[in-house]
Amino acid sequence: MAFEGLTEKLQGALRKLSSKGKLTEENVKEGMREVRMALLEADVNYAVAKDFIKKVTARCVGTEITGTLSASQQVIKIVNEELTALMGGEAARLATANRPPCIVMMCGLQGSGKTTHSGKLGLMLKKQGHRPLLVACDVYRPAAITQLQVVGEKAGVPVFEMGTANPVDIAKKAVAHARDYGNDYVILDTAGRLHIDEQLMNELKNVKAAVSPQEILLVVDAMTGQDAVNVAASFNEALGIDGVMLTKLDGDTRGGAALSVRAVTGKPIKFAGVGEKLDELEVFHPERMASRILGMGDVMSLIEKAEM
């Protein structure tokens, strides 16, 4: 279960605060030390964790306790709000194009789930009434084209391929094909590498320059924790990404990537892969994720009622 360890530790720290007769600067800081340790153990970026604790502490210490909320409820509310803000505040939408097709360039390291999640995005768009086209731009990985064709067939989404031609030419021809055949979204499944290298980035830059995508989505494996954040930062610096798609959020992930990637890159998590099936892709909602990480749905409901 994703975030299980982080949830337990955060709940433990907040329970200790709840047992205090009243909140003082001293016991807030003591509680926040435990929260900080929980975040670091969850592989949250050190600077992100430090800044988060600073913001929460300042709000807790400087807040007047309202008559409707207990001191502990006030702390939980603040932590929940800051977790939500940390992950972007609100759900971020996929780009649209004034003149279709809207070009979505999928990028990421090899093994991140890029090809499968290109298919997942295609299926999601199809269910919304769009006419997506999947494009096989990974001409290096053995069977990558076949894999995309299999995924496309399962999703009921057409696949454009030109074998092992130049990926820039494939992308340009695919966009022309989409215009001719009325596809309003073009999803480019680009090549990945086992690590970030100059050759990979140059090719991605060339594809970007050739077709001017409205959306560059970086696919990262949430299981890799802090490494996922480093990858996101590198891709953003070199390519200028528009958003992140986190995969394997249903797995035993500690949560570091989900909590750090927005703060480090300034770019939102737009989608989350939550299972192996093609329809297991969700729009990423920061407020829902914050509530899930805290594991305090019932408490949050009580707080909302108390504030009415």
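The following refers to the structure shown. The structure presented is a predicted model; accordingly, all values stated were derived computationally and were not measured.

## Description of the overall build of the protein chain
A count of helices and strands for the protein chain gives 12 helices and eight strands. The buried share among the 308 residues of the protein chain stands at 51%. For the protein chain, the share of sequence-separated contacts (at least 6 apart) that also reach a separation of at least 24 residues comes to 78%. When the accessible surface of the protein chain is totalled, it reaches about 14,200 Å², and 48% of it is carbon and sulfur.

## Things to note about the pattern of salt bridges
In total, this model carries 10 salt bridges according to the counting rule given. As a salt-bridge pair, lysine 9 and glutamate 41 come within 3.4 Å of each other at their nearest N and O atoms. Taken together, the residues span a long stretch of sequence, with lysine 9 in helix H1 (residues 4–18) and glutamate 41 in helix H2 (residues 25–41) at a distance of 32 residues. A residue is classified by how much of its surface remains accessible, and lysine 9, at 41% relative accessible area, is partly exposed. Between glutamate 82 and arginine 59 there is a salt bridge, and its shortest N-O distance comes to 3.1 Å. Of this pair, glutamate 82 sits in helix H4 (residues 71–86) while arginine 59 sits in helix H3 (residues 46–61), placing them 23 residues apart in sequence.

## Considerations on the side chain of asparagine 45
In this fold, asparagine 45 is placed in the loop between H2 and H3. One polar contact links the side chain of asparagine 45 to the main-chain amide nitrogen of alanine 47, over a distance of 3.0 Å.

## Thoughts on the environment of valine 157
Positionally, valine 157 belongs in the loop between helix H6 (144–155) and strand E3 (159–160). Under the relative-accessibility criterion, valine 157 is labelled buried at 5%. Apart from the residues lying within four places of it in its own chain, the contact partners of valine 157 are Gly122, Leu123, Lys126, Pro132, Leu133, Leu134 and Gly152.

## A few points about the nonpolar core
Counting residues in hydrophobic clusters, the biggest one holds 73 residues, and the most contacted among them are Leu188 and Phe235. In this structure, leucine 188 is in contact with Ile103, Val104, Met105, Met106, Val135, Cys137, Ala171, Val207 and Val211, ignoring residues within four places of it in sequence. Core analysis: the second largest hydrophobic core is formed by 24 residues, Ala155, Val157, Ile187 and Met245 among them.

## Regarding the sheet that holds strand E1 (residues 102–107)
The eight strands are arranged E3-E2-E4-E1-E5-E6-E7-E8 in an open sheet whose pairing can be described as mixed. A single partner strand is all that each edge strand has here, and the edge strands are E3 and strand E8 (281–283). Relative to strand E4 (residues 185–189), helix H5 (residues 114–127) is tilted by about 170°, and along the sheet it contacts E1, strand E2 (132–136), E4, strand E5 (215–221), strand E6 (243–247), strand E7 (269–273) and E8. Packed on one face of the sheet, H6 meets E2, E3 and E4 and runs near 165° to E2.

## With respect to the pairing of E4
E4 sits mainly inside the fold: five of its five residues count as buried. Where burial is concerned, the two faces of E4 agree: the one with Tyr185, Ile187 and Asp189 and the one with Val186 and Leu188 are both buried. Of the pairings in the sheet, the one linking E1 to E4 comprises five bridges and is parallel in character. Looking at E4, one finds that isoleucine 103 is bridged to valine 186. As paired elements, E2 and E4 share five bridges and run parallel to each other. Within the sheet, the bridge partner assigned to alanine 136 lies in E4 and is aspartate 189.

## Section: helix H8 (residues 198–211)
Along its 14 residues, H8 runs 20 Å from first to last C-alpha, staying within 8% of the 20 Å computed at 1.5 Å per residue. All of the buried residues along H8 are Leu200, Met201, Glu203, Leu204, Val207 and Val211. With its buried residues spanning 160° around the axis, H8 presents them on a single face. Opposite the buried face of H8, at more than 90 degrees from it, the exposed residues are Glu198, Gln199 and Ala209.

## Some remarks on the side chain of threonine 84
Note that threonine 84 resides in helix H4. Among all residues touching threonine 84, those that are not within four sequence positions of it are Gly89, Pro286, Glu287 and Ala290.

## Focus on the packing of aromatic side chains
Scanning the model with the defined rule gives zero aromatic pairs in all. When the ring centre of tyrosine 140 is taken as reference, the NZ or CZ atom of arginine 193 above it lies at 5.2 Å.

Cut-offs and rules
Residues numbered from 1 in each chain as written. Predicted model: local features only at pLDDT ≥ 70, side-chain atom pairs only at ≥ 80, totals over all residues. Heavy atoms only, no water. Helix = DSSP H or I, 4+ residues; strand = E, 2+ residues; numbered from the N terminus. Buried < 20%, exposed > 50% of the residue type's maximum accessible area, 1.4 Å probe, protein only. Contact = heavy atoms within 4.5 Å. Areas by Shrake-Rupley, 256 points an atom, 1.4 Å probe, with all protein chains shown as cover. Salt bridge = Lys/Arg side-chain N within 4 Å of Asp/Glu carboxyl O. Polar contact = N/O pair within 3.5 Å; in protein donor to acceptor, adjacent residues only side chain to side chain. Core = buried A, V, L, I, M, F, W, Y, C linked by side-chain atoms within 4.5 Å. Pairing = 2+ DSSP bridges. Axes fitted to C-alpha atoms, helices over the stretch in contact; angles between N-to-C directions. Expected span 1.5 Å × (residues − 1). Arc of directions from axis to C-beta. Phe/Tyr/Trp six-rings, centres within 6.5 Å; stacked < 30°, edge-to-face > 60°. Lys NZ or Arg CZ within 6 Å of the ring centre and 35° of its normal.

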